[in-house]
Amino acid sequence: MSSCPQPSAACPHPLTRAPRLPADDPAPWSRLYPAPPALQGAIVAVLSRDTRSAALSDAQRLSHFPASPLISLSWFQEMDVGLVEPDVDGGRWVPFGKPVVISGSQSRPRVSWAPTTGRGGVMCFTPDVARALFGLDLGAIHDRFVPAGTVLDARWHPFLDALARAPDDGTTLAVLEQHLAPRWQALQGRSSATPSLRQLGRHWVERLALQAREWRQTHSPRQVERRIKTFSGRSLREWQALVRTEGIFFAARERYENGRPFEWAALAQDEGFADQAHMSRESRRITGFAPTEFARRFIEDESFWMYRLWV
């Protein structure tokens, strides 16, 4: 593992606050794209971020990501990205070491950092699609970030190379269609359904619950639980808790945009939690923050750019 040579300055603590850039400053280019038409039903979304024109501090180059059931393929240009963990002297940075990485479902929130600005992107898949499309062993990448070239066979290497070289978002989306669409259409065909980001996680968990119900007809409860974990990386109860907690953030965003108070107790009841304390515990488990602190950082902190795109 690698550590920052000057952790207090060059590698910030993962919880370091950093204000969003003023509106009149060149801001990072952050966009969320739906799946290209030929890949609807395969890709959940594509996120892109270009910080090359922005003067970001060390803390502003942090990026926060939630615990998530999704599988992600990420790529980076002109920057070396890695995970940051808290350390007695600040932050301990472990670079990925490759320009394209795959991450499995994550059971806890993560923070990444880059010592320079650059351009990158994240492509998200539900676990069943990732396994069918790429032949991934989901259990082997659960809670891990691994170089894509080590878990994808040689036929995918031209795709990874093209993704790493794409100079802009338009080219990136064209690369996805060129390399992924033939495989996807051969497997399942084109889907006309385009559910919202909030619905996607719930739809995946509902499908998993139906699969579990079918398995219970021929297997014991313990065998079913083992099959679910092998199939998806975690238990059905854990998946259900993740998507229920995600619903808080979408509901809170709607209230914020409509100028309404958050009313955390009412949100907890609406989203199916036992009480506000239960909701707060789950929010901390998924994002690393209690709801009020998360809401403050969502609005104010540069490092929460991904949450603002997604929610």
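What you see is a predicted model, and the numbers here were worked out from it, not measured in a lab. (Residues numbered from 1 in each chain as written. Predicted model: local features only at pLDDT ≥ 70, side-chain atom pairs only at ≥ 80, totals over all residues. Heavy atoms only, no water.)

A.B. asks: Just to check I follow, could you spell out unusual backbone geometry for this structure?
C.D. replies: Peptide bonds are, in most cases, trans, and in most cases residues other than glycine have a negative phi. Phi angles above zero are rare outside glycine, and E78 is one such case at about 65°. As for its placement among the helices and strands, E78 is situated in the loop between β4 (71-77) and β5 (82-87). Unlike most non-glycine residues, D143 shows phi in positive territory, near 60°. Assignment of secondary structure puts D143 in the loop between α2 (138-141) and β10 (145-147). Here D143 falls in the partly exposed class, since its relative accessible area comes to 24%. (Helix = DSSP H or I, 4+ residues; strand = E, 2+ residues; numbered from the N terminus. Buried < 20%, exposed > 50% of the residue type's maximum accessible area, 1.4 Å probe, protein only.)

A.B. asks: I would appreciate a short explanation of the sheet that holds strand β7 (residues 100-103) in the present structure.
C.D. replies: For sheets, the rule is that strands pair by backbone hydrogen bonds, running either parallel or antiparallel. Here six strands make up an open sheet; going across it, the order is β1-β2-β9-β4-β7-β10 and the pairing antiparallel. Where the open sheet ends on each side, the last strands, each with one partner, are β1 (29-33) and β10. For this sheet, the mean inter-axis angle between neighbouring strands, taken without regard to orientation, is 20°. As paired elements, β1 and strand β2 (residues 45-50) share five bridges and run antiparallel to each other. Looking at the pairing, W29 lines up with D50 of β2. Packed onto the sheet, helix α5 (residues 169-187) meets β1, β2, β4 and β9 (119-125) and runs at close to 35° relative to β9. (Pairing = 2+ DSSP bridges. Axes fitted to C-alpha atoms, helices over the stretch in contact; angles between N-to-C directions. Contact = heavy atoms within 4.5 Å.)

A.B. asks: Would you mind going over the side chain of T51 with me for this structure?
C.D. replies: Topologically, T51 is positioned in the loop between β2 and β3 (62-65). For T51, a relative accessible area of 8% translates into the label buried. For T51, the residues in contact, after removing those within four places along its chain, are P28, L56, T117 and G118.

A.B. asks: Mind showing me how you'd approach the sheet that holds β5 here?
C.D. replies: Taken in spatial order, the four strands line up as β3-β8-β5-β6 in an open sheet, and their pairing is antiparallel. Each having just a single partner strand, β3 and β6 (90-95) make up the two edges of the open sheet. Strand-to-strand twist of the sheet, defined as the mean angle between neighbouring strand axes without regard to direction, takes the value 40°. Judged from the six bridges that link them, β5 and β6 form a sheet pairing that is antiparallel. Its bridge partner lying in β6, D87 is registered against G90.

A.B. asks: Please explain the packing of helix α8 (residues 236-257) against helix α10 (residues 276-287) as it appears in this structure.
C.D. replies: For any two helices packed against each other, the geometry is given by the interaxial angle and the distance between the axes. Closest axis-to-axis distance for the α8/α10 pair is 10 Å, and the angle between their directions is 100°. The angle between the axes of α8 and α10 places the two elements in the roughly perpendicular class. On α10, the residues touching A241, L242, R244, T245, I248 and F249 of α8 are H278, M279, E282, S283, R285, I286 and T287. Broken down by class, the residue content of the contact of α8 with α10 amounts to six nonpolar, four polar and three charged. (Parallel < 35°, antiparallel > 145°, perpendicular 65-115°, else oblique. Nonpolar A, V, L, I, M, F, W, Y, C, P; charged D, E, K, R; others polar.)

A.B. asks: Mind showing me how you'd approach the environment of G97 here?
C.D. replies: Inspection of the secondary structure puts G97 in the loop between β6 and β7. Classification of G97 by relative accessible area gives exposed; the value is 55%. Between the C-alpha atom of G97 and that of V122, which follows or precedes it by 25 residues, the distance is 17 Å.

A.B. asks: What's the story with the pattern of salt bridges in this structure? I'm lost.
C.D. replies: Oppositely charged side chains may form a pair once their charged atoms are brought near each other. Here the structure, examined in full by the defined rule, presents 15 salt bridges. Note that E293 is salt-bridged to R297, the shortest N-O span being 2.8 Å. Of the two residues, E293 and R297 both sit in helix α11 (residues 291-300), four residues apart, roughly one turn of that helix. Given the relative accessible area of 21%, E293 is considered partly exposed. The structure contains a network of salt bridges with shared partners spanning R17, E293, R296, R297, E300 and D301. (Salt bridge = Lys/Arg side-chain N within 4 Å of Asp/Glu carboxyl O.)

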